[in-house]
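Next come the chains, spelled out residue by residue.
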Amino acid sequence: MIYADNAATTKVSKTALAAMLPCFEQVYGNPSSLYAFGQEAKELLEDARARIARCLNADPKEITFTSGGSEADNQALRTAAALGAKKGKKHIISTAFEHHAILHTLDALKKEGFEVTLLDVHENGLVTAQQVAEAIREDTALVTVMFANNEIGTIQPIAEIGAVCREKGVLFHTDAVQPAGHLPIDVRAQNIDMLSISGHKFHGPKGIGVLYAKKGIRLENLIYGGAQERNKRAGTENLPAIAGMAAALEESLAHLDETTAKLIRQRDMLIKGLSEISHSVLNGDAEHRLPSNVNFCFEAIEGESLLLLLDDKGICASSGSACTSGSLDPSHVLLAIGRPHEVAHGSLRLSLGEDITDDEVRYIIDAVKEVVDYLRNMSPVWRSLNEGRQQFVLP
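The structure contained in this document is the topic of the report that follows. (Residues numbered from 1 in each chain as written. Predicted model: local features only at pLDDT ≥ 70, side-chain atom pairs only at ≥ 80, totals over all residues. Heavy atoms only, no water.)

## Side note on helix α10 (residues 303-312)
Residues spaced three or four apart along an α-helix face the same direction, because each turn holds 3.6 residues.
Moving on, step 1. Among the residues making up α10, those that are buried are G303, L306, L307 and L310. Down the axis of α10, the sector holding all buried residues measures 95 degrees, keeping them to one side. Away from its buried face by more than 90 degrees, α10 exposes E304, L308 and D312.
Moving on, step 2. Here the buried face of α10 lies against β10 (293-298), β11 (315-316), β12 (347-351) and α13 (358-378). (Buried < 20%, exposed > 50% of the residue type's maximum accessible area, 1.4 Å probe, protein only. Helix = DSSP H or I, 4+ residues; strand = E, 2+ residues; numbered from the N terminus. Arc of directions from axis to C-beta. Contact = heavy atoms within 4.5 Å.)

Structure follows, in structure tokens:
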């Protein structure tokens, strides 16, 4: 099996597993307990918090553990909305191709009287700091722009957007779930006020994440109960997952340069090979994209059929976000960058892992070419296009 869906989730690393095991077998006390056994767990918890903070150039007190990226996104937006409402500011700026954890929260806030501006995304999958600057108003409470898109992999100019927000006195949040562990993140240098990450995207366990919130931002509670996480996230901390996430993030960043160089070379090899397929297009900027991400559309192809046939050939891939895999609608990300519905339906996302080989990349190229050719030969749409009864959309 060739696993090429690392944007959906990653294999837990041996380093992360080794960090988790003692929390199940030896240091399994409740970190809130006052006796020595509980305080051992508390020390492990705070050590993990400090290590994650170092990875982000943050202060440990700015790190709150959550159940994952979606919860962190929700808490960040709810916090900014509450803070803004107290000052009479009920306008939020985001983009049209955010993760649904952002977009659906914004929909809920709109029902509560907030006004939302979704910036248009250029065809190359990028937004600009100038767009943000032009959209900010006197009543803007928050700007939230994802660090890198989870489907097409485009990396946004986060430091520049953050600088605009800092100058205008507007809170800036970024969903960094996809790039965490794969790109350098420095919350101070990049002018980030709040940031969300999730452990399972960089070889940590599922069900654990982080919300970074700059000092002075008082978080709005989503979960009430105990006094954990400085009274801002009730519930006994998931210590095994927290320890595993901290170890995985450190390990990913320790090998970042060599991993990035390898993946960019293989990513570009994959892009070059798939570009040879007629009437296909790479989605997102070729340069400003995650090292592991390749996303293509193939005209006259249904993405679901493509995925199933690739699965038969031992390749795990996706057509977009795993969070929307049950939907029959085309990707909102692809629609946001201007792909027509009929083209967006024929999308393929391949996200490479550190252990993939060049031979496996070449096998993926050959397999995709074969499957696309097979599906097109069966397609009445393809026949109609070639006979001139319909016009091609993609060159």
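## Quick notes on the environment of D257
Moving on, step 1. If you trace the backbone, D257 turns up in helix α9 (residues 256-274).
Moving on, step 2. Each C-alpha atom, one on D257 and one on H182, is 9.4 Å from the other, the two residues being 75 residues apart in sequence.

## Concerning the sheet that holds strand β4 (residues 115-119)
Backbone-to-backbone hydrogen bonds pair the strands of a sheet. The strands run either parallel or antiparallel.
Moving on, step 1. Pairing within the open sheet is mixed, and its 7 strands lie in the order β2-β8-β7-β6-β5-β3-β4. The outermost strands of the open sheet, each flanked by one partner alone, are β2 (63-66) and β4. On average, each strand axis in the sheet is inclined to that of its neighbour by 20 degrees, with strand direction left out of account.
Moving on, step 2. Pairing analysis gives 4 bridges linking β2 to strand β8 (residues 209-213), with the strands arranged antiparallel. Counterpart to I63 in the pairing with β8 is Y212.
Moving on, step 3. Those strands touched by helix α4 (residues 100-111) are β3 (91-95), β4, β5 (140-144) and β6 (171-175), and its axis lies near 155 degrees from that of β3. (Pairing = 2+ DSSP bridges. Axes fitted to C-alpha atoms, helices over the stretch in contact; angles between N-to-C directions.)

## A closer look at the pairing of β3
Moving on, step 1. Counting buried positions along β3 gives 5 out of 5 residues, so the element sits mostly inside the fold.
Moving on, step 2. The two faces of β3 match: H91, I93 and T95 on one face and I92 and S94 on the other face are all buried.
Moving on, step 3. Of the strand pairs in this sheet, β3 and β5 are connected by 3 bridges, and their pairing is parallel. Each residue of the ladder has a partner; that of I93, found in β5, is V143.

## Re the packing of aromatic side chains
Moving on, step 1. Taken as a whole and assessed by the stated rule, the structure comprises 3 aromatic pairs.
Moving on, step 2. Between W382 and F392, the ring centres sit 5.7 Å apart and the planes meet at 70 degrees, which makes this aromatic pair edge-to-face. Taken together, the positions of W382 in helix α14 (residues 380-386) and F392 in the segment after α14 put the pair 10 residues apart, joining distant regions of the chain.
Moving on, step 3. The exposure class of F392 is partly exposed, given its relative accessible area of 28%.
Moving on, step 4. For K90, the ring lying beneath its charged end belongs to F114, and the centroid distance is 4.8 Å. (Phe/Tyr/Trp six-rings, centres within 6.5 Å; stacked < 30°, edge-to-face > 60°. Lys NZ or Arg CZ within 6 Å of the ring centre and 35° of its normal.)

## Observations regarding the environment of G273
Moving on, step 1. Residue placement: G273 occurs in helix α9.
Moving on, step 2. Among residues more than four places away in sequence, those in contact with G273 are I365 and K369.

## As for unusual backbone geometry
Moving on, step 1. Phi is positive for N57, close to 60 degrees, though the residue is something other than glycine.
Moving on, step 2. For N57, the position within the fold is in the loop between α2 (36-56) and β2.
Moving on, step 3. Since its relative accessible area comes to 35%, N57 is described here as partly exposed.
Moving on, step 4. Of note in the backbone geometry, H203 takes a positive phi value of approximately 75 degrees without being a glycine.
Moving on, step 5. Structurally, H203 is set in the loop between β7 (194-198) and β8.

## Points about the pattern of salt bridges
Moving on, step 1. Summed over all chains, the structure comprises 22 salt bridges.
Moving on, step 2. In this structure, K42 and E46 form a salt bridge, with 3.6 Å as the shortest nitrogen-oxygen distance. Of the two residues, K42 and E46 both sit in helix α2, 4 residues apart, roughly one turn of that helix.
Moving on, step 3. Owing to a relative accessible area of 29%, E46 belongs among the partly exposed residues under this scheme.
Moving on, step 4. Here D358 and R265 are joined by a salt bridge, their closest N and O atoms 2.9 Å apart. Highlighted residues: D358 in helix α13 and R265 in helix α9, separated in sequence by 93 residues. (Salt bridge = Lys/Arg side-chain N within 4 Å of Asp/Glu carboxyl O.)

The values reported here are purely geometric and, on their own, carry no functional implication.
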